[in-house]
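Next come the chains, spelled out residue by residue.
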Amino acid sequence: GKTTLLKCLMGLLPAASGTIGFEGHDLTRASSHERVRAGIGYVPQGREIFPLLTVRENLSVAWNELRGHVVQGESDLARGLVKRLGVVTPSVDQEVRRLSGGNQQKVVIGRWLAIDARVYIFDEPTKGVDVGAKHAIYELMRSLAAQGVAVLMVSSELPEVIGMSDRILVMSD
């Protein structure tokens, strides 16, 4: 039920009961797009990339969606995120499917960093990535938290949860 809960928080699935509030606003019936505009970013489980699009296009998709059109500066945004996240790619115009799994995951995370959210929801962010990519993702989440951004991470790996968390909620049955 962990992914179901996150999808409810993000507005991708309807909540069976209860309310979802954020910064004094009731988002219970808000669409996922409205929740993104409110400042919530969601890094889903699995590498949800657009494989035939470039690194630049993958990184800027949420940024452009918020504005309703392709915005000038997309290449600068992508280059900045590639550098910040340490994405190994010959160019931001490289097809994202040609990157390693860890670099693809960094691109998925970067897509959401582009919107400067106030809350980031990470669903199994390090699943299936190498140790180096895991370390980079951990450092990024710590950096976001140090900047006052809320980070909600779901993981089925207990050492990861213990090492990364200030508070832990256990879901069972």
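Before going into details, it helps to say that this report is about the structure given with it.

Conventions we followed
Residues numbered from 1 in each chain as written. Predicted model: local features only at pLDDT ≥ 70, side-chain atom pairs only at ≥ 80, totals over all residues. Heavy atoms only, no water. 1 Å grid on protein atoms, 1.4 Å probe; cavity = no way out; pocket = protein on both sides within 12 Å on 5 of 7 lines; lining within 4 Å. Points joined across faces, edges and corners; volume = space filled by probe spheres on them. Nonpolar A, V, L, I, M, F, W, Y, C, P; charged D, E, K, R; others polar. Phe/Tyr/Trp six-rings, centres within 6.5 Å; stacked < 30°, edge-to-face > 60°. Buried < 20%, exposed > 50% of the residue type's maximum accessible area, 1.4 Å probe, protein only. Helix = DSSP H or I, 4+ residues; strand = E, 2+ residues; numbered from the N terminus. Contact = heavy atoms within 4.5 Å. Expected span 1.5 Å × (residues − 1). Arc of directions from axis to C-beta. Polar contact = N/O pair within 3.5 Å; in protein donor to acceptor, adjacent residues only side chain to side chain. Salt bridge = Lys/Arg side-chain N within 4 Å of Asp/Glu carboxyl O.

Looking now at the layout of surface pockets. For the largest pocket, the calculated volume is near 960 Å³. Lining of the largest pocket is provided by 27 residues; of these, L152, M153, S165, R167 and I168 occupy positions nearest its centre. Taken together, the residues that form the lining of the largest pocket break down as 19 nonpolar, four polar and four charged.

Another aspect to go through is the packing of aromatic side chains. Considering all chains together, one arrives at one aromatic pair under this definition. With a centroid separation of 6.2 Å and an interplanar angle of 40 degrees, the aromatic rings of Y120 and F122 are classed as tilted. Looking at Y120, the relative accessible area reads 3%, which means it is buried. A residue is classified by how much of its surface remains accessible, and F122, at 0% relative accessible area, is buried.

Time to look at helix 1 (residues 2–10). Here helix 1 has its buried residues at L6, C8 and M10. Buried-residue contacts for helix 1 involve helix 2 (32–38), strand 3 (40–43), strand 4 (119–123) and strand 5 (150–154). Backbone geometry just downstream of helix 1 places G11 in the positive-phi region, at approximately 85 degrees.

The first and last C-alpha atoms of helix 6 (residues 131–146) sit 22 Å apart over 16 residues, in line with the 22 Å expected at 1.5 Å per residue. Along helix 6, the residues classified as buried are A133, K134, I137, Y138, L140, M141 and L144. Down the axis of helix 6, the smallest arc covering the buried residues is 160 degrees, so these residues share one side. Opposite the packed face of helix 6, turned more than 90 degrees from it, sit the exposed residues V131 and A146. Against the buried residues of helix 6 lie helix 4 (74–85), helix 5 (101–113), strand 4, strand 5 and helix 7 (158–164). Near the N-terminus of helix 6, the side chain that reaches the backbone nitrogen of G132, with its oxygen 2.9 Å away, is that of D130. One or two steps after helix 6, the chain reaches G148, where phi turns positive at roughly 90 degrees.

On to unusual backbone geometry, then. Residues other than glycine seldom take positive phi values, yet D116 does so here, at roughly 55 degrees. You can see D116 is positioned in the loop between helix 5 and strand 4. The exposure class assigned to D116 is exposed, which follows from its relative accessible area of 60%. A positive phi is found at E124, a non-glycine position, where the angle reads about 50 degrees.

The next subject is the side chain of D123. In this structure, D123 sits in strand 4. Judged by its relative accessible area of 0%, D123 is buried. Other than its neighbours up to four places away in sequence, D123 contacts K2, T3, L6, Y42, V43, P44, Q45 and V154.

One pass over the structure, following the stated rule, counts nine salt bridges. The shortest N-O distance in the salt bridge between D76 and R79 comes to 2.7 Å. One end of the pair, D76, and the other, R79, are both in helix 4, three residues apart, so they sit about a helical turn from each other. What makes D76 exposed here is its relative accessible area of 54%. Ionic contacts of the salt-bridge type, sharing partners, join the residues K2, D123 and E124 into one network.

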